[in-house]
Amino acid sequence: MQKIEHIGIAVKSLTHSVPLFEQLLNSLCYKTELVEGEKVNTAFFKAGETKIELLESTDAEGVIARFIEKKGEGIHHIAFEVTDMETEVKRLKKEGFLVLNEVPKPGADNKMVCFLHPKTTNGILIELCVEKK
Ligand code: ZN
């Protein structure tokens, strides 16, 4: 795995949290994007080499809405950049990690993504991402 590409943070409201993170990071939100498949609105910030991705649910039954219901707002996932998704997924499966989707799906910010189940990663949802070609 390469660097931490971004950290995903579940928030109730982008309207509230975008200005908050702009103040916190002293950096303007450079992009917002709807990811229909995941029922989330996202907002991106740069913090050096790493990005922060805020996630707001667009649906009361969406994964982010459910996450916030259970755990409250906060860190939802950590995303690592990989160079070769297929090889990395194979390696992780062999090591015993539970890959939630072996076929990469479209994520925000021009990425294809796979997720590892938190029960095999000490409670942390791990996203693997690779730039779309
Ligand atoms: Zn993400």
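For the structure itself, consult the block above.
The numbers attached to residues start from 1 for each chain and follow its sequence in the written order. For a predicted model such as this one, the threshold for reporting local features is a pLDDT of at least 70, and the threshold for listing and counting side-chain atom pairs is 80 or more; totals across whole chains, interfaces and linings nevertheless cover every residue. Note that water and hydrogens are dropped before the side-chain values are worked out from all heavy atoms of the structure.

1. Considerations on the coordination of the zinc ion
Bound to the zinc ion are the protein donor atoms H6 (NE2), E53 (OE), H77 (NE2) and E127 (OE), situated 2.1 to 2.3 Å from the metal. Donor atoms (N, O, S) are those found within 2.8 Å of the metal centre, with the cutoff raised to 3.2 Å for Na, K and Ca; water is not part of the atom list, so apparent gaps in a site can occur. By the criteria applied here, four donors are tetrahedral when all angles lie between 85 and 135 degrees, four are square planar and six octahedral when opposite donors are over 155 degrees apart and every other angle lies between 65 and 115, and any other arrangement is irregular. Geometry at the zinc ion is irregular, judged from the four donor atoms that bind it and their angles of 84 to 161° at the metal.

2. Description of the sheet that holds strand β5 (residues 74–81)
With mixed pairing, eight strands are arranged side by side in an open sheet as β2-β3-β4-β1-β5-β8-β7-β6. Each edge of the sheet is formed by a strand with only one pairing partner; in this case those strands are β2 (31–35) and β6 (105–106). Where strand β1 (residues 4–11) meets strand β4 (residues 50–57), six bridges bridge the pair, whose relative direction is parallel. Paired with I7 across the strands is I52, a residue of β4. A contact between two residues is defined here by any heavy atoms of the two lying within 4.5 Å. Throughout, an axis means a line fitted to C-alpha atoms (over the contacting stretch in the case of helices), and angles, computed between N-to-C directions, take values from 0 to 180 degrees. Strands here are runs of E lasting at least two residues and helices are runs of H or I lasting at least four, both read from the DSSP assignment and numbered beginning at the N terminus. The strands touched by helix α1 (residues 14–25) within the sheet are β1, β3 (40–47) and β4, with β3 carrying the most contacts at an inclination of about 5°. Seen against the sheet, helix α3 (residues 85–94) touches β7 (111–116) and β8 (126–131) and runs at an angle of roughly 160° to β8. When DSSP locates at least two bridges between a pair of strands, those strands are taken to pair.

3. What about the pattern of salt bridges?
Every case where a carboxyl oxygen of Asp or Glu lies within 4 Å of a side-chain nitrogen of Lys or Arg is listed as a salt bridge. As enumerated under the stated definition, the model contains 12 salt bridges in all. Its salt-bridge partner being E5, residue K111 comes within 3.3 Å of it at the nearest N-O pair. Of the two residues, K111 is situated in strand β7 and E5 in strand β1; the sequence distance between them amounts to 106 residues. By relative accessible area, K111 is classed as buried at 3%. Among the ionic contacts, a cluster of salt bridges with common partners joins E5, K31, E33, K51, D109, K111 and E131. Type-normalised accessible area, obtained with a 1.4 Å probe on protein chains alone, sets the label of each residue: buried when under 20%, exposed when over 50%, and partly exposed for intermediate values.

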